Amino acid sequence: YSLSSDVAVGVKVRNNLEMDLCSLFFSSANGSDSKKQRLDESPPSRVLHIRKLPNEVTETEVIALGLPFGKVTNILMLKGKNQAFLELGTEEAAITMVNYYTAVTPQVRNTPVFIQYSNHKELKTDSSPGSSAGGVSRSGCPVLRIIIDNMFYPVTLDVLQQIFSKFGTVMKIITFTKNNQFQALLQFSDPVNAQQAKLSLDGQNIYNSCCTLRIDFSKLVNLNVKYNNDKSRDYTRPDLPTGDGDSANKDHSLLGAISPLSAAAAAAAAAGRVALSGSGVSGVLLASNLNEEMVTPQSLFTLFGVYGDVQRVKILYNKKDSALIQLSDGNQAQLAMSHLNGQKVFGKVMRVTLSKHQTVALPREGLDDQLLTKDFAGSPLHRFKKPGSKNFQNIFPPSATLHLSNIREGVGEEDLRLLFSNSGGAVKAFKFFQDRKMALIQMSSVEEAIQALMDLHNYDMGGNHHLKVSFSKSTI
């Protein structure tokens, strides 16, 4: 969904925060008028100043505040002051983040924190080896710490090995999940190879528009690998035991219940180049166990369109509980499959698999009297046609909470509650964002939210305002 990037709104946001920030400011600035003056005048910047952080907070937790809004390019922790500076890739992303966190209080470890624009236009931490973000002082280290942002597809240990081995001999890899984020430690035989890999790969996407590599040098100089399995590997010791298979897999639920790409296929594809384009993988999905009384090409277009640009939908003539859905590419198909397989739609658990078909054929003219096939190639409702669209950053699994945007002026909470109740569900909670053009609405189940999204995305509210509906990661 797109959050307002209007600079004027950003300034207004800052003024609204002023009451909270002033008391904080005076406690650290001894009531200095000059500093208060500077706070008032801080224009939008891609560097954000975060205050009142809890003790012992980690870099990863602070970075997690910014990740939904775009690439985080740098961080500086002021541990003694419970503060941090966070640099985002663009000023627009920073404005979006500030606007969002005025409607939804930012929290770290269940503690509210304050976010405002910094006077700095960028963070120059590399020249200060003592800083926690620089990492340059450790450039003689052969071990890299890898964090994967925007991880919409599973990334396997084999994929990492194939990508990084282009720069030298990879000796060991350990993967783990920390603060709900997939991370890895990877050891090269030579620190020079680690340096080259970091320079070349930091900020690159493994897959199109997602799975961004964020790379730093680790404080460790040697990794101790005990088991060779899908979580850790010592390539110099093939004789190591596999360990307990169950515990090795316990964190994989975080990466999606099913792995859309087999490890071997993903590794082979990644070896070719860093950005996978879903090459060789069909963009066509087969959805089965559908409710044939209820399902339509339009409803499938809307639901699968949350994860990719649907080109064509065909409900099978001889098996009307099944349909073929063609997306723009294999990546989008895998993304939709990983999020929608097993979801309850129209009262039945839908199964989604990759189809052997490469395209969905359109029927000859006059032969589709039941309107089972529809071509959506020219639809204006595609969410991902525009490169760099904010929609890429806001792809979430189906959830009971929906994000609404493009709400018409004058439409109130009761109007929206009534509208969503009429789609056959119960509204449990509702919250307007500050500008009242966006809101969160919580249904009583994920199935009801899926139904509401299919019914009401692009709903005409009059005055050329079409309601936009997507799944939210927030709760109310």
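Before reading further, recall that the structure is shown in the block above.
Along each chain, numbering runs from 1 in the same order as the chain's sequence is written. Under the rules for a predicted model, residues below a pLDDT of 70 receive no local features and side-chain atom pairs below 80 are neither given nor counted, while totals for whole chains, interfaces and linings still include all residues. In computing side-chain properties, one takes all heavy atoms of the structure into account and sets aside hydrogens as well as water.

Colleague: Can you tell me about the side chain of Arg214, naming the residues and giving the values?
Modeller: Mapped onto the elements, Arg214 comes out in strand S11 (residues 210–217). One polar contact links Arg214 to Asp149, side chain to side chain, over a distance of 3.4 Å. By definition, residues are in contact when any of their heavy atoms lie within 4.5 Å. With residues up to four places along the chain from it excluded, the contact list for Arg214 reads Ile63, Val72, Arg145, Ile146, Ile147, Asp149 and Asp202. Secondary structure follows DSSP: runs of H or I at least 4 residues long count as helices, runs of E at least 2 residues long count as strands, and numbering of each begins at the N terminus. Counted as a polar contact is a pair of N or O atoms within 3.5 Å, where, for protein atoms, one must be capable of donating a hydrogen and the other of accepting one, and residues adjacent in sequence contribute only when both atoms are in side chains.

Colleague: Mind laying out the nonpolar core, listing which residues take part and the relevant values?
Modeller: Counting 85 residues, the largest nonpolar core has Phe164, Phe304, Leu402 and Phe420 as its most contacted members. Sorting elements by how many residues they give to this core places helix H12 (residues 446–456) first, with 6 residues. Each residue touching Phe164, except ones within four places of it in the same chain, is listed here: Leu144, Ile146, Val170, Leu186, Phe188, Ala197, Leu201, Leu213 and Ile215. As used in this record, nonpolar core signifies buried Ala, Val, Leu, Ile, Met, Phe, Trp, Tyr and Cys residues forming a set joined through side-chain atoms within 4.5 Å. Relative accessibility decides the category of a residue: with a 1.4 Å probe and only protein chains considered, values under 20% of the type maximum give buried, values over 50% give exposed, and everything between is partly exposed. By size, the runner-up hydrophobic cluster in this structure holds 31 residues, among which are Leu48, Leu53, Tyr101 and Tyr117.

Colleague: Describe in detail helix H6 (residues 191–201), supporting the description with residues and values.
Modeller: Among the residues making up H6, those that are buried are Asn193, Ala194, Ala197, Lys198 and Leu201. Projected down its long axis, H6 carries its buried residues within an arc of 135°, all on one side. Residues of H6 that are buried in the fold lie against strand S7 (143–149), helix H5 (157–164), strand S9 (181–188) and S11. Where H6 starts, the residue carrying a side-chain oxygen 2.9 Å from the main-chain nitrogen of Val192 turns out to be Asp190. Just past H6, the residue Gly203 takes up positive phi, approximately 90°. Read the arc as the range of directions from the helix axis to the C-beta atoms.

Colleague: I'd like a description of the pattern of salt bridges, backed by residues and values.
Modeller: The working definition used for a salt bridge is a side-chain nitrogen of Lys or Arg within 4 Å of a carboxyl oxygen of Asp or Glu. What the rule picks out here adds up to 9 salt bridges. Of the charged contacts in the structure, one is a salt bridge between Asp149 and Arg214, with a shortest N-O distance of 3.4 Å. Residue Asp149 is found in strand S7, and its partner Arg214 is found in strand S11; the two are separated by 65 residues along the sequence. Given a relative accessible area of 14%, Arg214 falls into the buried group.

Colleague: So what's going on with the sheet that holds strand S21 (residues 427–432)? Residues and values would help.
Modeller: Strand pairing requires that DSSP identify at least two bridges connecting the strands. Read across the sheet, 4 strands follow the order S21-S22-S20-S23 without closing on themselves; strand pairing throughout is antiparallel. Each edge of the open sheet carries a strand with a single partner, namely S21 and strand S23 (468–471). In this sheet, adjacent strand axes meet at a mean angle of 20° when their direction is disregarded. Where strand S20 (residues 401–405) and strand S22 (residues 439–443) come together, 4 bridges link them in antiparallel fashion. Residue pairing for S22: Thr401 is matched across the bridge by Gln442. Here an axis means a line fitted to C-alpha atoms, over the contact stretch when the element is a helix, while the angle between two N-to-C directions is reported on a 0 to 180 degree scale.

Colleague: Residues and numbers for the packing of aromatic side chains, please.
Modeller: A pair of aromatic rings is counted whenever rings of Phe, Tyr or Trp (Trp by its six-membered ring) have centres within 6.5 Å, and the orientation is called stacked for planes under 30 degrees apart, edge-to-face for over 60 and tilted otherwise. Within the structure shown, the criterion is met by 5 aromatic pairs. Between Tyr100 and Phe433 the ring centres are 5.9 Å apart and the planes differ by 50°, which places this aromatic pair in the tilted class. On the criterion of sequence distance, the pair formed by Tyr100 in helix H4 (residues 91–103) and Phe433 in the loop between S21 and S22 is long-range, its members being 333 residues apart. For the pair formed by Tyr100 and Phe433, the shared burial category is buried. Taken together, a centroid distance of 4.1 Å and an interplanar angle of 10° make the contact between Phe301 and Phe376 stacked. Taken together, the residues Phe301 in helix H9 (residues 297–304) and Phe376 in the loop between strand S19 (373–375) and S20 connect sequence positions 75 residues apart. Note on accessibility: Phe301 and Phe376 belong to one class, buried. Here the aromatic cluster, defined as three or more aromatic residues joined through ring pairs, consists of Tyr100, Tyr101 and Phe433. Across the ring face of Tyr317, the terminal group of Lys320 is positioned such that the distance to the ring centre comes to 4.8 Å. Look at NZ for Lys and CZ for Arg. If either is within 6 Å of the ring centre and within 35 degrees of the ring normal, a charge sits over the ring.

Colleague: Summarise the environment of Ile315; cite the residues concerned and give the values.
Modeller: Following the sequence through the fold, Ile315 ends up in strand S14 (residues 310–315). A relative accessible area of 6% places Ile315 in the buried class. Sequence separation of Ile315 and Leu371 is 56 residues, and the distance between their C-alpha atoms is 8.9 Å. With near-sequence residues (within four places) excluded, Ile315 lies in contact with Val295, Thr296, Pro297, Lys320, Ser322, Ala323 and Leu372.

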